[in-house]
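Each chain is listed here by its residues.
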Amino acid sequence: MAAGRGAAAEACVGQVVLPGDVLLLPAHPEEDGERLRLGAGAAPRGRLLCGPGLRRCAAGLLVTKCGLLRHRRAGGGAAAGGAYWVDSQQKRYVPVKGDHVIGIVTAKAGDVFKLDVGGSEQASLSYLAFEGATKRNRPNVQVGDLIYGQFLVANKDMEPEMVCIDSSGRSSGMGIIGQDGFLFKVSLGLIRKLLAPKCEIIQELSQLYPFELVLGMNGRIWVKAKTVQQTLIIVNILEACEYMTAEQRKQALAKLSGN
């Protein structure tokens, strides 16, 4: 699709879009003062969010990734506003500010830990970025430990920086992940599916075995069940559910629950 000869964004929702495609936005004269904002939070009514895989251009939205175009309407069901993004199956993670990820400690450099988060470069984590941490009370972090945290700084010109506290200084579930358990990697598309509200996959697995689960937006999953066998079963189901239909998944879970 040549630049300047785009298609309406609403008509392309659910269809495959390619890099270079231009998506035209509907004209709303009463909202001439509104600007397209980049962000991952909730969109106020009348505002439009430009998500992953899209960039703002003069004609509307420019596609930068190959995938399916998705759209979420603004709160209250308003016709204008909401969010557009491209749902792609990429495996290489690009750090985004605010994303919760699972990192692996690779080195200690003074007062900073270096973490492998699956991106093009390692992220840094200060020893003070833990709940209750002080110069005297340092967290017991060793090389090889798994850290669940969020990005405080993430852009192409600076080294990614992680923290394990929220804006109020609380851990909110972030920090060092237990020694036991199993860590594996899946596609970023599957992670977004598992993180969706009321995900059927998680609900069905919770009826099979009790387990602990940590999901990172960088495609890493940590899971722990009562036994090693149950842990491996859950891992295999999570890896396979990306390629199974809902009916196939239910049949597989029914066989396991019958054993």
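Residues numbered from 1 in each chain as written. Predicted model: local features only at pLDDT ≥ 70, side-chain atom pairs only at ≥ 80, totals over all residues. Heavy atoms only, no water.

Some words on the sheet that holds strand S6 (residues 54-56)
If you walk across this open sheet you meet the 4 strands as S1-S3-S7-S6, and the pairing is mixed. Strands with a single pairing partner mark the edges of an open sheet, and in this sheet they are strand S1 (7-8) and S6. Of the pairings in the sheet, the one linking strand S3 (residues 22-24) to strand S7 (residues 60-63) comprises 3 bridges and is antiparallel in character. The residue bridging Val22 from the neighbouring strand is Leu62, located in S7. (Pairing = 2+ DSSP bridges. Helix = DSSP H or I, 4+ residues; strand = E, 2+ residues; numbered from the N terminus.)

Some words on helix H3 (residues 228-240)
Compared with an ideal rise of 1.5 Å per residue, which puts 13 residues at 18 Å, H3 spans 18 Å between its outermost C-alpha atoms and is within 8% of the ideal. Considered for burial, the residues of H3 that qualify are Gln230, Thr231, Ile233, Ile234, Val235, Ile237 and Leu238. (Expected span 1.5 Å × (residues − 1). Buried < 20%, exposed > 50% of the residue type's maximum accessible area, 1.4 Å probe, protein only.)

A word on the packing of aromatic side chains
Counted under the stated rule, the structure contains 2 aromatic pairs. Between Tyr93 and Phe151, the aromatic rings sit 6.3 Å apart at their centres with planes inclined by 20 degrees, giving stacked as the arrangement. You can see Tyr93 sitting in the loop between strand S9 (82-87) and strand S10 (100-109) and its partner Phe151 sitting in strand S13 (residues 146-155), a full 58 residues away along the chain. Phe151 carries the same exposure label as Tyr93, and that label is buried. Plain terms: the ring middles of Phe182 and Phe184 are 6.1 Å apart, the flat faces sit at 40 degrees to each other, and that makes the pair tilted. Here Phe182 falls in the partly exposed class, since its relative accessible area comes to 33%. Over the face of the ring belonging to Tyr127 we find Arg138, whose NZ or CZ atom lies 4.0 Å from the ring centre. (Phe/Tyr/Trp six-rings, centres within 6.5 Å; stacked < 30°, edge-to-face > 60°. Lys NZ or Arg CZ within 6 Å of the ring centre and 35° of its normal.)

Some details on the confidence of the model for the protein
For the protein, the average pLDDT comes to 83, and 87% of its residues sit at 70 or higher. Counted against residues more than four places away or in other chains, residues 29-45, with its pLDDT under 50, gives 27 contacts. (pLDDT = per-residue confidence, 0-100. Contact = heavy atoms within 4.5 Å.)

Section: the pattern of salt bridges
Per the stated rule, a full pass over the model turns up 9 salt bridges. Of the charged contacts in the structure, one is a salt bridge between Glu200 and Arg249, with a shortest N-O distance of 3.7 Å. Separated by 49 residues along the polypeptide, Glu200 in helix H2 (residues 200-208) and Arg249 in helix H4 (residues 246-258) bring together distant segments of the chain. Using a relative accessible area of 47% as the deciding quantity, one classes Glu200 as partly exposed. (Salt bridge = Lys/Arg side-chain N within 4 Å of Asp/Glu carboxyl O.)

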